[in-house]
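# Structural characterization, general
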Protein chains: 4
Amino acid sequence: MEHVTFIPTPDQYRYTFGGAEPVMRIKPQTVLTLWAEDAYGGRITSADDVASAVLDTPDLNPQTGPFHVEGAEPGDTLAIHLVDLTPARTWGASTLIPFFGGLTSVPVSPTLQDPLPERTWIYEYDSAAETLAFNAHGSDFSVALPANPMLGTVGVAPDRREVRTALVPDIFGGNMDTPEMAAGATCYLRVNVPGALFSLGDGHYRQGEGESCGTAVEGAMHVTAIVDLIKGGNSAWPRLETDTHLMCVGSGRPMEEAWRASQVEMITWLGELYGLDRYDAYQLLTQISLCPIANVVDTNYSTVTKIDKRLLPTAPAYGGLHSELRSAAAALGSVNY
Amino acid sequence: MEHVTFIPTPDQYRYTFGGAEPVMRIKPQTVLTLWAEDAYGGRITSADDVASAVLDTPDLNPQTGPFHVEGAEPGDTLAIHLVDLTPARTWGASTLIPFFGGLTSVPVSPTLQDPLPERTWIYEYDSAAETLAFNAHGSDFSVALPANPMLGTVGVAPDRREVRTALVPDIFGGNMDTPEMAAGATCYLRVNVPGALFSLGDGHYRQGEGESCGTAVEGAMHVTAIVDLIKGGNSAWPRLETDTHLMCVGSGRPMEEAWRASQVEMITWLGELYGLDRYDAYQLLTQISLCPIANVVDTNYSTVTKIDKRLLPTAPAYGGLHSELRSAAAALGSVNY
Amino acid sequence: MEHVTFIPTPDQYRYTFGGAEPVMRIKPQTVLTLWAEDAYGGRITSADDVASAVLDTPDLNPQTGPFHVEGAEPGDTLAIHLVDLTPARTWGASTLIPFFGGLTSVPVSPTLQDPLPERTWIYEYDSAAETLAFNAHGSDFSVALPANPMLGTVGVAPDRREVRTALVPDIFGGNMDTPEMAAGATCYLRVNVPGALFSLGDGHYRQGEGESCGTAVEGAMHVTAIVDLIKGGNSAWPRLETDTHLMCVGSGRPMEEAWRASQVEMITWLGELYGLDRYDAYQLLTQISLCPIANVVDTNYSTVTKIDKRLLPTAPAYGGLHSELRSAAAALGSVNY
Amino acid sequence: MEHVTFIPTPDQYRYTFGGAEPVMRIKPQTVLTLWAEDAYGGRITSADDVASAVLDTPDLNPQTGPFHVEGAEPGDTLAIHLVDLTPARTWGASTLIPFFGGLTSVPVSPTLQDPLPERTWIYEYDSAAETLAFNAHGSDFSVALPANPMLGTVGVAPDRREVRTALVPDIFGGNMDTPEMAAGATCYLRVNVPGALFSLGDGHYRQGEGESCGTAVEGAMHVTAIVDLIKGGNSAWPRLETDTHLMCVGSGRPMEEAWRASQVEMITWLGELYGLDRYDAYQLLTQISLCPIANVVDTNYSTVTKIDKRLLPTAPAYGGLHSELRSAAAALGSVNY
């Protein structure tokens, strides 16, 4: 496998899916070693940095990429296997941003209420223990939480000539903000434009499901990924695979629409893998589906439909590609940055 | 503890929360051994029984109860600890009901499309292996799934003199349809009327999160529960506690509203347990929340906000009541029906 | 026609649809002269009366009724023709209620934001000019607005043994809060229980579409109505007819579901009146539908689908009942209270 | 005033807002005479042309433009006064498109139901009577409906570097599909990029509120408009002004979010015009708002908040620009194409 390292200079970040020239062309079966800046663009560095002062910019959630994948054509399926995610800083940050988040009114659904007060939390990252220290502002409560590094954003250029900000999750992937996007997972994305033009970013050292306040423990991330290409494929919405689970991610608004998209995608997948008709697949899914919410804070909400593979007969997806990528990842040995 | 057994005769089932005379008065700290009929009222017994033929009745989802709990006053909190749930039949059933379920149009949001075809699946229950056999209709696929007995419905009489069908989940509990309502869990419900008037029903031998098609593997259930009363308490929406997790269940429509209710309830609870102000609790929840969807098929949707207690310092809820109930349950010895 | 006058004593108000004994039995084709208290129960009488102080009660939106209509059976259609609505006080009131209204977070979809400040506006009613005086609090702006008396609430007992607060609009009518419910309109409601048990209330001297802040210019109302009964009928959701328009009212959440219900109801009605199949009716409706929003503030939102009869060939609904009721109303002569 | 005529050649149509080079640069206070193709790109010409056969293209809803308006800077306000809209063909078309429209499941919120059958209706346009002939397919019903020419789509390039398909309405305008966008109206749009880059299209010979089935009586349109520029301005969402009404258009999903956006925009506008604080404006709006739904069929739904100017003291918006544009339009004399 070819191995490419790319650490963007500040001017090389991109803030959209679609609409940007590729930073480089890569072949399928390339190992990428990348740096992903945090969603704040690194502008929040202490508890004194509040969003309204330092985030007054349209350029949020910088993406590393896009990468043009040779041979990728509309209708193909891109596979991005996350080999390793390692926090690149000794701390992460989370912040209450005025009129942003799941428990405040937001510009697309405004009320006449005042915004919540601004507050920024800095989480020290203990890389030996792999924990993050939460310290309350309003009382003396502290707790060390295990890190759970993930990427908020993985996506390709959209269809229909659209260009979307990196803040939006949709059928092309993007800012899905699911904790399932962690090392060990393979993400499958339908290709919409020649070269696919995929990007990633938005490192989270830890995030709960829902990303309630709108920001995880945000931090720059070292990323190792293997990119591969499946000619054809039948996916519409993003799919994820781990050693133990199959997942589909829907995004939309209201949240039940995101759920429906992820469910129908999984019914399609169950049909591909097991030859079930859609009503049998619907029935089976009813009894085995897991449905963790991903985010309720972005312009579109995202939910995950998730199946434990161990409940079902073995049926390798995409010809067993995930297993192959796991093996290839293992063959890389330990990852250093 | 007093120990009461109640097996309803057919005319003793109730189909609403509120609006029904109690079947009996019990004291706090009573052990209940109950029979709960399935949501079909036992009318589906073979794959030939389709919903449109045998479920043409307003009397769906029969409830066992209501029980008047002595001393329960509005503003108090009822605790219902599920000691044991054991399938009472050798098979369960699930069915596609016209214009009911998560992936069809429904009467409250109609389209002009035709309904899905009707189909009923019978799952044989192997009580030794504790598995349920799924058999596809459209192909010869079969798989044995582990049973996961739970109750779709636990609730009390609503506030404001309302009477709601047992098909609805809301702030009073009801048809929440979450797989979290399993043996080992304690459910806390705010009391709205003197005596609380709680009921339960809707046995599910297995259900995935979301209950996609609208019906789990439905089956009559033997239920052992301990009922206790907390004077006062601060809950609004239903709360659940297990040995490992704290949970709040919100119900509403669209689904993000159910999520918001469950999140704010958990923020309140974190404040009670740890003295966090609401912004610190919001932040902490952002990083540790689990958010499994419960159902996307009832008149209100339900979502769960769930926290792993092991992430946080020990802080017994309600004076450690859940542990006490666990001990009391253990003292009952093995349960027989 | 029989003519009945009923002015409730304070203890005779009811706060639910369903669940209350009828205040009297009436025959079809009865003229009713009624008093309807305002939604505040008359508790707001000056700009100093703020909601949190004087509305701390579950007993809001008092209803006049229920009336048992002799011969009404489930599946029949009740017709309530509003002959006259006359403000019964010399002033009306509107108020910002904490966490209630369309531009604030609400308990079923909470945020962590503070409530809006409380404010009460008193509108003097000039009965000669039929205007209401709006006076701003924060500046010296004043304007006289034409009165547009209407009833927020008209409904029957719900189906499935339910009892709902008078604050809720749903398929049984209730708190639909549409300005279309004015003198000259006939409201058709499907009967769910023997006797129909209809009530009305919630006088509004004026209201815009949407009822943005949650309260119209609320005021006690003199009501003259004629009640009639149609055996059978095909309606599901409430229908309204005036000399110029046909309307269907859907209620639900999110708002598009209310819209869908009202649209499909109108498609059914167009089929009844013109023999159109549902696809032709859908097409015709697409080009002629008016869709004023009724309320976005209640537990369910309500929207109206409205057709100008003058666009279509004459086709009397329900055998021309509306015209007959108009004639009967005219024959009553001028109304005095 | 300068007067520019632009009739696009087929390759000059654009299918996005943003992301396209301007077709020309114009000065503020330019009169434009334009041709707008129909949303089908002229591909539906008879009842035998069904969508699945002839609309299999990503290039739907062709736009005329974009026009670069000299001097327009982000934060300015573009004014587009519609002088005249004249049907450019002798017939219009409307069609049921599989999985598109308000009363079917749609790809972003899929169900497992089959699509509605396809049907295309051709409406002959009688230019003398200005009527459109509806003919049912399933029965022999016919009716002539008055034409009500309007534009479904008017918009500018979006903010944040986004490019959106011409099928989407959002804060930048776009496919709002409101019958209020008719001759005599002035549309105010916030400028997001230098030159504004506005386009228009999607001629409708007639449309009801909601655009239920997803397509109005679609037809190519002769358009005369005057474009002007307001430096600064305070709008966020699109505003409309006619001789009699002020309007704000919100777009989003679920529909209540579109409504909230339009309401808060109007509260801002009332503050600008009358010096009302936001709570007084909220109260006043509650009593005078009209709320016609625009569309419930696009990726975002649109609703209109509308105020009858005649209810309020005279207060010219934008220094009386609408009146000036009306005068300028009148000075053009009769329009010929």
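This write-up is about the structure you can find in this document. (Residues numbered from 1 in each chain as written. Chains lettered and ligands numbered in written order. Predicted model: local features only at pLDDT ≥ 70, side-chain atom pairs only at ≥ 80, totals over all residues. Heavy atoms only, no water.)

Here we come to the overall build of chain A. Each helix and strand counted, chain A has four helices and 22 strands in total. A globule of 337 residues ought to have a C-alpha radius of gyration of about 20 Å, and chain A, at 19 Å, matches this closely. In terms of overall dimensions, chain A has a C-alpha envelope of 55 × 45 × 40 Å along the principal axes. When the accessible area of chain A is evaluated, it comes to approximately 10400 Å², of which 50% is carbon and sulfur surface. In chain A, the 20 positive side-chain charges and the 40 negative ones have mean positions that sit 6 Å from each other. (Helix = DSSP H or I, 4+ residues; strand = E, 2+ residues; numbered from the N terminus. Rg over C-alpha atoms; globule rule 2.2 N^0.38 Å. Areas by Shrake-Rupley, 256 points an atom, 1.4 Å probe, with all protein chains shown as cover. Lys, Arg positive; Asp, Glu negative; His and termini not counted. Charge placed at Lys NZ, Arg CZ, Asp CG, Glu CD.)

It is worth spelling out the interface of chain B and chain A at this point. At the interface, 64 residues of chain B touch 64 residues of chain A. When the two sides are added together, the surface that chain B and chain A hide from each other amounts to roughly 5200 Å², 63% of it contributed by carbon and sulfur. Summed over the shared surface of chain B and chain A, the result is four salt bridges. Joining chain B to chain A, the criterion identifies 48 residue pairs in polar contact (both at pLDDT 80 or more). (Contact = heavy atoms within 4.5 Å. Buried area = accessible area lost by both parts, 1.4 Å probe. Salt bridge = Lys/Arg side-chain N within 4 Å of Asp/Glu carboxyl O. Polar contact = N/O pair within 3.5 Å; in protein donor to acceptor, adjacent residues only side chain to side chain.)

Listed by partner, the interface residues are 29 residues for chain C and 29 residues for chain B. Contact with chain B buries area across many residues of chain C, yet Leu112, Arg160 and Arg161 of chain C alone supply 25% of it, more than any other trio. Between Glu257 of chain C and Arg253 of chain B there is a salt bridge, and its shortest N-O distance comes to 2.9 Å. Counting across the interface, chain C meets chain B through 18 residue pairs in polar contact (both at pLDDT 80 or more). Counting only elements with at least two residues in the side of chain C that touches chain B, the list comes to strand S12 (164–165), helix H2 (255–274) and helix H3 (278–288) of chain C. Broken down by element, the residue count for the side of chain C that touches chain B peaks at five residues, all from H2 of chain C.

Let's shift gears to the environment of Arg119 of chain D. Locating Arg119 of chain D in the fold gives a position in strand S8 (residues 119–126). Given the relative accessible area of 16%, Arg119 of chain D is considered buried. Each C-alpha atom of the pair Arg119 of chain D and Ala47 of chain D lies 7.3 Å from the other, and the pair is 72 residues apart in sequence. In contact with Arg119 of chain D, not counting residues within four places along its chain, are Asp277, Tyr279 and Asp280 of chain C together with Ser94, Thr95, Leu96, His137 and Gly138 of chain D. Within the structure, Arg119 of chain D has its side chain in polar contact with the side chain of Asp277 of chain C (distance 2.8 Å). (Buried < 20%, exposed > 50% of the residue type's maximum accessible area, 1.4 Å probe, protein only.)

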